[in-house]
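Residue-level structural notes
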Amino acid sequence: MSKKRARAATDAEVVQITEIQKKAEPSQAYVEKRERAERTRAHAFDVNRIAKAVVAAESASLPDDPFKELTANGQAVEPPLDPLVLTMMEENNSELRQCIDAMVTNIEGFGGRLVLPTNLKPEDIEKSKKEIEAERRRLRSFLLNFSPDDDLTSLKMKSRRDLELTGSHYWELIPAGKGIDQTKIVAMQLLESHTIRLTKTDSTQTRFEKVEIDPETGEEYKQWFYKRFRRLLQIRNGKKVYFKEWGDPRIVDRRDGKAYATADAAAKAGVQPEHYAHIIYSNRIWSGRTPYGLPRYVGNLFSIFGSRAAEEINYNTFLNNNVPAMAILVSGNSMLTEGTIKRIEEFTNTVLKRSNNYSKFLLLEAEPAGEGFQNNGTAKIEIEKLKSEQTDDQLFQKYDANNQDKIRRAFRLPPIYVGKSADYNRGTAETSQKLAEEQIFAPERKAMDNHINKLLIWMGYKYWRWQSYGPNLTNNEDLVKMLASIEKTGAMTPNFGRKVLGDIMGDELPMYDESKIDFDPNVPFSLTMADRVKKIKGDAAANLGGNPSTGALAPNQGQIPAEKSAGFNEEQLTEIFKGIQSMLNRSARKG
């Protein structure tokens, strides 16, 4: 089949094209007008002239980032990633929210209790019993009421979410009254990390005192350190306020962040107690390249954005139906009329009654290859189904699944913690729970407890410490067997048994009150039973003429007098033992 040659333009067509090109060229008047406009524009935007009048032309509008001016002039350190964007990151990914929820629930969501240090001796506890109880009530009241919105558990859960999203969290420690004594903290609240910026560290070091507790003896001791402190800055609604770091002994003006060595020096500069900056206790996921924390998922940001882009493509594909369900092909020397096309559209939209995009079709028309009125073939109309070309499922499934695994692995979480339990049975589920508790949750929980206990020691609480609860991963059947075996060997005391039971139940069970029971709760129960039996046997031996210290019966030519043995036959001894057991049980219930 020969190819058709291109037709040369006629003389009339050449003249017509030339006239069109001339009309398209700009006139001399138009060129001169453009030159004058350029000269005027260059004069209006002359850089040197603007620089001389910069004060008069200064804008009164606020920048988009309220910290931009402070970071530009070096007063604040710019974070490597925008904390506000990090805060909203869980809104843009279907996997990140589940991972953070798992961290919050399993680390901070079980609550906790106040405990005495294990190194306190029983005699010391008894000697300071009233003081210990008074401190417990005072501390418990503080932990339950330091905020109108939160107790300690809810504050920890919010702080954990902020920490996992942005890499940092900040607690404001609010002192009583005008804040002259800043160790008398009466309230705490969480400051959102995206509203906080850090200033540069001081050029000189500051000497400060830190109170520590010896983990072996429980004794407090003071230690001196040197540190270059920095201030923390918050801006909201156009207002700016400064805070100082925990441990900084100086007076800091909350209005401008200036530090003064003493209260007298601050008073001379016009800084009154109501201007003293509050203390911020901060925690972060450490990074060596920035004083801000970085979240665990920072290496998977492209996975998060990629999954979001894949979701948007899938949504647009479903919404717009990029590949129609059918195509109407019209070929030959013909084409559909406008009326025919409208009738097809009306039928598709009214009769099929489906989504508009899924009711659309593709119309393809073919023009004849030749010119004139030559017969170029018979008109032909075909309907071609395109169902096989349509996307019948979401796109990028493997890519999205791989991204979800990457994000979850950033937190080192087993799949069961984000709801993926298809491949789990009881054995693998318990193993995953124990591994996650050992490697992830328990260390983080202990680290948070250490932060809280540092604050309690700094606030002057001598005896009580905070201990968070964890999940009960103990098999009850194995525990019963273990406790029974321990009790038989004489290693289980009643008080220890109640402590173990309290840990399992997630509650603090009180110890036995020795004034209300007739046995020692710190002596193994099996030894108490043995002493009671020995005493009963001794009484029986004395009645029968034997040795009361050993319980041995006196021989009477190989026989025991019938009149004396009748008072302690086997059934009666059994009843005595039952009475002892019942007595011990009643005492335990009273305790």
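Numbering of residues starts from 1 in every chain and runs along the sequence as written. With pLDDT at 70 or above as the cut-off, local features in this predicted model cover only qualifying residues; side-chain atom pairs require 80 or more to be listed or tallied, and sums for whole chains, interfaces and linings still use all residues. Working from all heavy atoms in the structure, the side-chain values ignore hydrogens and water.

1. A look at the packing of aromatic side chains
Let me state the cut-off plainly: Any pair of Phe, Tyr and Trp rings, taking the six-membered ring for Trp, is counted once the centres come within 6.5 Å. Such a pair is stacked with planes under 30 degrees apart, edge-to-face with planes over 60 apart, and tilted for the rest. Per the convention used, a helix needs a DSSP run of H or I reaching at least four residues, while a strand needs a run of E reaching at least two, with both numbered from the N terminus. For every residue, the accessible area (1.4 Å probe, protein chains only) is compared with the maximum for its type, and the residue is labelled buried under 20%, exposed over 50%, or partly exposed between those bounds. Sitting over a ring, as applied to charges here, requires NZ of Lys or CZ of Arg to be within 6 Å of the ring centre and within 35 degrees of the ring normal.
The final tally for this structure, using the stated rule, is 8 aromatic pairs. The interplanar angle of 65° and the centroid separation of 5.3 Å between the aromatic rings of Tyr417 and Phe441 together place this pair among those described as edge-to-face. Placement of the pair is Tyr417 in the loop between helix H13 (397-410) and helix H14 (426-458) and Phe441 in helix H14, with a sequence separation of 24 residues. The exposure class assigned to Tyr417 is buried, which follows from its relative accessible area of 18%. In textbook terms, an aromatic cluster arises when at least three aromatic residues are bridged by ring pairs, as seen for Trp171, Trp246, Tyr281 and Trp458. A cation sits over an aromatic face here: Arg207 above Trp224, 3.8 Å from the ring centre. Above the plane of the ring of Phe225 lies Lys210, whose end atom (NZ or CZ) is 5.8 Å from the centre.

2. Observations concerning the sheet that holds strand S1 (residues 76-77)
To summarise the sheet geometry, strands pair through backbone hydrogen bonds and adopt either a parallel or an antiparallel arrangement. Note the cut-off: In this analysis, strands are considered paired if DSSP registers two or more bridges between them. The contact rule is simple, with two residues in contact once any of their heavy atoms fall within 4.5 Å. Only the contacting stretch of a helix is used when fitting its axis, a line to C-alpha atoms as for every element, and angles between N-to-C directions run 0 to 180 degrees.
Across the sheet, 7 strands lie side by side as S1-S5-S8-S9-S12-S3-S4; this open sheet has mixed pairing. Whereas interior strands pair on both sides, the edge strands pair on one side only; in this sheet they are S1 and strand S4 (185-191). The pairing of strand S9 (residues 239-245) with strand S12 (residues 279-284) spans 2 bridges and is classified as parallel. Bridging across to S12, Glu245 finds its partner in Ile280. Across the sheet, helix H9 (residues 152-166) lies against strand S3 (168-175), S4 and S12, angled at about 140° from S3, the strand it touches most.

3. Observations concerning a nonpolar patch on the surface
To keep it simple, the criterion reads: Residues with no salt bridge and a relative accessible area higher than 30% make up the patches, which join like charges within 9 Å and nonpolar side chains (Val, Leu, Ile, Met, Phe, Trp, Tyr) within 5 Å. Each accessible area is a Shrake-Rupley estimate made with a 1.4 Å probe; only the visible protein chains count as cover when residues are assessed. Just to be clear on terms, a salt bridge is a Lys or Arg side-chain nitrogen sitting within 4 Å of an Asp or Glu carboxyl oxygen.
A surface patch of nonpolar side chains, about 220 Å² in accessible area, is lined by Leu84, Val85 and Met88. Accessibility expressed as a relative area gives 38% for Leu84, which makes it partly exposed.

4. Overview of unusual backbone geometry
As a rule of thumb, non-glycine residues mostly have phi less than zero, and peptide bonds are mostly trans rather than cis. With a phi close to 60°, Arg412 is a non-glycine residue in the positive phi region. Take Arg412: it is sitting in the loop between H13 and H14. Given a relative accessible area of 52%, Arg412 falls into the exposed group.

5. Section: the packing of H9 against H14
Describing two packed helices takes the angle between their axes plus the distance from one axis to the other. Which entries qualify depends on this criterion: Orientation is classified from the angle alone, with under 35 degrees giving roughly parallel, over 145 giving roughly antiparallel, 65 to 115 giving roughly perpendicular, and any other angle giving oblique. By definition, any crossing whose near helix is turned counterclockwise from its far helix by less than a right angle is left-handed, and any crossing with a clockwise turn is right-handed.
Where H9 contacts H14, the axes come no closer than 13 Å and their chain directions differ by 120°. Taken together, the axes of H9 and H14 lie oblique to each other. Considering only the axes of H9 and H14, their crossing is right-handed. Between H9 and H14, the residues in contact are Leu152, Lys156 and Arg160 and Glu444, Met448, Asp449 and Ile452, respectively.

6. Some details on H14
The condition is simple: In this scheme, a helix's expected span is set at 1.5 Å multiplied by one less than its residue total. Note on bend: at a given residue it equals the angle between the axes fitted to the 7 residues ending there and to the 7 starting there. Pairs of N or O atoms within 3.5 Å make up the polar contacts considered here, provided that, within protein, one atom can donate a hydrogen while the other can accept it, and that residues adjacent in sequence are counted only when both atoms are side-chain atoms.
Taking 1.5 Å per residue as the helical rise, H14 with its 33 residues ought to reach 48 Å, and the 45 Å between its terminal C-alpha atoms agrees with that figure. Taking the largest bend as the criterion, H14 deviates by roughly 50°, centred on Glu437. Its side-chain oxygen at 3.1 Å from the backbone nitrogen of Gly427, Asn425 defines the N-terminal cap of H14. Phi turns positive one or two residues past the end of H14, at Gly460, with a value near 100°.

7. Some points on the nonpolar core
Put simply, the rule reads: Residue types Ala, Val, Leu, Ile, Met, Phe, Trp, Tyr and Cys, when buried and joined through side-chain atoms within 4.5 Å, form a set referred to as a nonpolar core.
Core analysis: the largest hydrophobic core is formed by 24 residues, its most contacted members being Leu139, Phe142, Trp171, Leu173 and Met188. Those elements that place two or more of their residues in this core are helix H8 (129-145), H9, S3, S4, S12 and H14. Apart from residues lying up to four places away in sequence, Trp171 is in contact with Leu155, Ser159, Met188, Gln189, Leu190, Ile279, Ile280, Tyr281, Met448, Ile452 and Leu455. If you look at the next biggest cluster of nonpolar residues, it comprises 21 residues, including Leu86, Val104, Leu301 and Tyr417.

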